[in-house]
Amino acid sequence: MRARSLAFLLISLVLFLMLASCGGNGGGDDDTGMPPIDDDAGEDDDAAGDDDIADDDTTIDDDTADDDSAADDDSAANYWIEDGKKWLRAAEGDKARLSFLKALEIVPDHPEGLYGMVLANTVHNMDVLSIVWDYLLSFFENGGPVNRGDSSEGVIDWLISTILSAFLNDRCEELFHYADLVHQLENPTFLIDAIPIIIAWTNYGTMGGEFDESDVYAMESYSYLFDGLTRHLFVVDLNFDMSLAFALQDVFNIPDPSEMMSALVVALKNLVDDPHYPNFLVIDENGFEDLRLAGFRMGNGFDKMLKTFASVEAETDPQNDDVIAYVDKNGNGKYDDGEPFVIPTFGELDADQMAVLQAVLGIAEGLRNSFWDGTDNDVDPNNPNPFSMDLLNNLLQALGWPRILPGWLTIDIGSIYRTNDPYAIKNTVNLVLNILGLIFPAS
Ligand SMILES: [Ca+2]
Ligand SMILES: [Ca+2]
Ligand SMILES: [Ca+2]
Ligand SMILES: [Ca+2]
């Protein structure tokens with residue numbers, strides 16, 4: 001049995017962590033809500049004199065009443081915004097996307113239209129994750145997918161190239177584009193009561209309220225990581241013996257942390273050194289450019305994760321209607337250290353969950369810096385930025401486990417993405433496993 005599913009597993013795990021993250025405005029023009037919108041083609045279309053300050057451009061309508069002599073100048077676009085929200089409430093991302101596109105045809109910079117495109121593609125990408133998840137489970141339950149070709153490997157390639165390229169990567173590009181436009185808006189918001197969160201065919205509740213800029217970062221993070229991880233599948237050989245992966249399940253049932261680490265190292269080495277799959281983790285020699293993009297996108301994903309919570313901490317608006325929020329315990333209208341975050345499906349995080357989140361954000365920072373190392377986004381262009389294993393110890397500690405990993409050990413992730421060595425990943429993994437094997441010898 002062959003599978004490229006290790007990466008899928010990683011994706012799913014990261015996404016479940018991130019999922020926590022992702023929020024409508026009923027109004028538009030002529031109401032008292034936000035944001036104000038003018039969808040005029042360019043003219044002041046008032047019948048009488050101009051009754052406002054500057055209602056003569058294509059972006060801003062600064063009045064609160066419909067003063068047109070003709071039909072409401074927003075009605076056509078707003079019809080499609082409301083239609084898009086209807087589909088979002090039904091978790092129909094693709095139908096919502098078409099509605100927001102129609103609104104943007106009428107008003108190209110409609111704030112809720114732009115924001116809606118980010119939300120619609122996020123819902124779409126949740127559907128893709130469900131499909132990927134189903135595919136993964138089919139391996140574990142049946143030993144492989146239904147064979148539609150001459151070889152199962154061909155089926156996997158077909159599935160990866162079709163599903164991921166057309167249904168995921170293209171939509172991610174679109175999401176990134178509209179997210180960039182939303183970031184250019186002043187105080188972007190999108191009000192909607194409830195969007196179902198359905199991952200892997202399971203409903204984890206809803207997200208709703210006042211979506212704002214921090215929620216855009218969260219949605220970008222989710223899609224950058226999903227996009228970055230899956231782009232590895234095109235260029236890294238992930239065919240391995242599934243039965244060896246099954247052995248991993250037993251490893252995690254070992255109660256003693258050191259014994260578990262010893263068994264984990266052995267199990268992983270068996271996978272990496274499997275003579276039947278000598279090309280496992282080898283990079284396609286034509287794939288280095290794609291690999292660089294994949295790594296850069298990973299860096300973006302971790303960066304957006306950090307920006308999500310930094311952005312929430314900077315908010316001063318009432319948090320009771322926010323999607324991702326903090327609880328203003330001392331009521332001073334701003335974030336203070338120790339105040340908990342509120343995340344969809346999780347609710348208000350308790351002290352233990354906040355500790356885990358802080359450890360995860362520390363790991364995200366280390367990974368961002370390492371994935372971006374040597375790129376235009378390098379946070380320290382004069383020095384390498386290897387990933388420190390000690391950041392993982394922080395997470396172990398937050399989970400109530402001992403800090404057993406060698407804190408001095410660092411992994412130069414960035415170098416993998418800068419070389420043209422097909423064995424860069426395999427050699428790095430082997431190096432780390434060999435070092436861990438010395439610290440946690442097989443019993
Ligand atoms: Ca708010
Ligand atoms: Ca917020
Ligand atoms: Ca406070
Ligand atoms: Ca650097």
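Structure's up top.
Let me begin by describing the structure that accompanies this report. As the structure is a prediction and not an experimental result, all values here were calculated from the model.

### Focus on the environment of Asp284
By the element assignment, Asp284 lies in the loop between α8 (257–272) and α9 (288–313). On the neighbour-count criterion, Asp284 (14 C-beta atoms within 10 Å) is partly exposed. The spacing of Asp284 and Asp237 is 47 residues in sequence and 7.4 Å in space, taken between C-alpha atoms.

### Quick look at the packing of helix α7 (residues 242–251) against α8
Axis angle and axis distance: for two packed helices, these are the angle between their axes and the distance between the axes, and together they describe the pair. Taken N-terminus to C-terminus, the directions of α7 and α8 make an angle of 175 degrees; their axes are 9 Å apart at the nearest point. It follows from the interaxial angle that α7 and α8 lie roughly antiparallel. Here Leu244, Ala245, Ala247, Leu248 and Val251 of α7 come into contact with α8, specifically with Met260, Ala263, Leu264, Ala267, Asn270 and Leu271. Partitioning the contact of α7 with α8 into residue classes produces 10 nonpolar, one polar and no charged.

### A closer look at the pairing of strand β3 (residues 202–211)
As paired strands, strand β2 (residues 190–199) and β3 are joined by seven bridges and run antiparallel to one another. Its bridge partner lying in β3, Ile195 is registered against Met207. Counting the residues that bridge the hairpin from β2 to β3 gives two residues, and of these Ala200 lies at a positive phi of roughly 50 degrees.

### Overview of the nonpolar core
With 83 residues, the main nonpolar core has Leu88, Val118 and Leu119 as its most contacted residues. For this core, the element with the most residues is helix α4 (residues 111–142), which contributes 12 residues. Ignoring anything within four residues of it in the chain, the contact list for Val118 reads Leu175, Tyr178, Ala179, Val182, Val216 and Met219.

### Points about helix α6 (residues 213–235)
The end-to-end C-alpha distance of α6, which contains 23 residues, comes to 34 Å, matching closely the 33 Å that a straight helix rising 1.5 Å per residue would cover. Most of α6 sits inside the fold, with 22 of its 23 residues counted as buried.

### Here we look at the sheet that holds strand β5 (residues 325–326)
Strand order in the open sheet made by the three strands is β5-β6-β7, with antiparallel pairing throughout. A strand with exactly one partner marks an edge of an open sheet, and here the two such strands are β5 and β7 (347–348). When β5 meets strand β6 (residues 341–343), the two strands line up antiparallel, connected through two bridges. Directly across from Ala325, in β6, lies its bridge partner Val342.

About the thresholds
Residues numbered from 1 in each chain as written. Chains lettered and ligands numbered in written order. Predicted model: local features only at pLDDT ≥ 70, side-chain atom pairs only at ≥ 80, totals over all residues. Helix = DSSP H or I, 4+ residues; strand = E, 2+ residues; numbered from the N terminus. Buried ≥ 20, exposed ≤ 12 C-beta atoms within 10 Å, placed from the backbone. Axes fitted to C-alpha atoms, helices over the stretch in contact; angles between N-to-C directions. Parallel < 35°, antiparallel > 145°, perpendicular 65-115°, else oblique. Contact = placed C-beta atoms within 7 Å. Nonpolar A, V, L, I, M, F, W, Y, C, P; charged D, E, K, R; others polar. Pairing = 2+ DSSP bridges. Core = buried A, V, L, I, M, F, W, Y, C linked by C-beta atoms within 7 Å. Expected span 1.5 Å × (residues − 1).

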